[in-house]
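# Examination of the molecular architecture
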Amino acid sequence: MTLLRHIATFAVIGAIMLIASSAPVTDARASRRAATRTPPTRVVIGHSVQGRPIVAWEFGRASARRKILVVGCIHGNECAGLAITAALRRQQVPNGVQLWLVPEMNPDGTAADTRQNAHGVDLNRNFPYRWQAISDPTYYSGPRAVSEPETQAAIRLVRRIRPAVTIWYHQHMDLVDMAGGDRGVARRYAQLAGLRPTCLTFLSGVETGWSNHSFPGTTSFVVELPAGPVASDALARHVRAVMAMELGQRSGSATRCDSITPAA
Ligand SMILES: [Zn+2]
């Protein structure tokens, strides 16, 4: 498992280097577009346990009515989504939309290649909605709800911008969890990304549960990418799927689960 994880990490680094190596062309295209769009703003939304900044990139006008939030990685050993947030930085955001990218919600975990933060807490069991104490080290919930600075930063950001859609990338279940809110939104993402839309069974203290419960009319969902890096054709599909979220697309029932999948 550890070896696989390292292979996956190197593959992700390789993919990032590949993207970086094509930078001259991309930069030229970006600079042609720059005149017609507001450059992104870098916002530090908090700091990790070890003091690393948690950085958000804000694209588009603050006055935009529709806000979209995309988080590349919260479990530090499931970071293939960073390739998607990197690709999204090169896309133009439609008028009337503001896109927020948070590549790393758990920078200490990413640095250490651990699921948890530097306190050993699974941040996605630390949110306040139906929080329960979990002592299993893999899914350790923390001593109380919202005990961790990374969780606090995520909550502050969501409360501040009230995203219509929030997307959280994880690995390696290879599905989209239509976690709540308008399930048609997550279903549309799954269609475009080529992943299976399903509903995972209940988990306590997860972000999607908190966000969908706290902000009716909004949708937060999880994209479980397959193991390994995101291939270039899949990357293009995910970028298109995020664009569909920006444009307000959805599909089918708002409440029905297409299937139920055990969360663990
Ligand atoms: Zn995860």
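Summarised in this report is the structure supplied together with it.

Calculation notes
Residues numbered from 1 in each chain as written. Predicted model: local features only at pLDDT ≥ 70, side-chain atom pairs only at ≥ 80, totals over all residues. Heavy atoms only, no water. Donors = N, O, S within 2.8 Å, 3.2 Å for Na, K, Ca; no water. Buried < 20%, exposed > 50% of the residue type's maximum accessible area, 1.4 Å probe, protein only. Helix = DSSP H or I, 4+ residues; strand = E, 2+ residues; numbered from the N terminus. Right-handed = clockwise from strand over helix to strand, strands pointing away. Pairing = 2+ DSSP bridges. Phe/Tyr/Trp six-rings, centres within 6.5 Å; stacked < 30°, edge-to-face > 60°. Lys NZ or Arg CZ within 6 Å of the ring centre and 35° of its normal.

### Some words on the coordination of the zinc ion
- The coordination sphere of the zinc ion contains the protein donors His 75 (ND1), Glu 78 (OE) and His 170 (ND1), at a distance range of 2.0 to 2.1 Å.
- Mapping the donors of the zinc ion onto the primary sequence gives the spacing H-x2-E-x91-H.

### What about the pairing of strand E3 (residues 66-73)?
- For E3, the buried fraction is high: seven of the eight residues fall into the buried class.
- Of the crossover connections in this fold, the one passing from E3 over helix H3 (residues 82-88) to the parallel strand E4 (residues 97-104) is right-handed.
- As paired strands, E3 and strand E5 (residues 165-171) are joined by four bridges and run parallel to one another. By the bridge assignment for E5, Val 71 is matched with Trp 168.

### With respect to the sheet that holds strand E6 (residues 175-177)
- Strand order in the open sheet made by the nine strands is E1-E2-E4-E3-E5-E8-E6-E7-E9, with mixed pairing throughout. Here the strands that pair on one side only, and so sit at the sheet edges, are strand E1 (41-47) and strand E9 (260-261).
- Relative to strand E8 (residues 219-225), E6 is paired through three bridges, and the arrangement is antiparallel. Considered in E8, the bridge of Leu 175 is made with Glu 224.

### Let's talk about the packing of aromatic side chains
- Throughout the structure, instances matching the rule amount to four aromatic pairs.
- Relative to Trp 210, the ring of Phe 127 has its centre 6.1 Å away and its plane inclined at 35°; by these criteria the two rings are tilted. Of this pair, Phe 127 sits in the loop between helix H4 (107-112) and helix H5 (149-161) while Trp 210 sits in helix H7 (residues 207-214), placing them 83 residues apart in sequence. Of the two residues examined, Phe 127 and Trp 210, each falls in the buried class.
- One aromatic cluster in this structure is built from Phe 127, Trp 168, Trp 210 and Phe 215.
- The ring of Trp 57 carries the charged tip of Arg 89 above its face, separated from the ring centre by 4.0 Å.
- The residue whose ring lies beneath Arg 130 is Phe 202, and the NZ or CZ to ring-centre distance is 4.2 Å.

Note that all results are geometric; they support no functional claim without further evidence.
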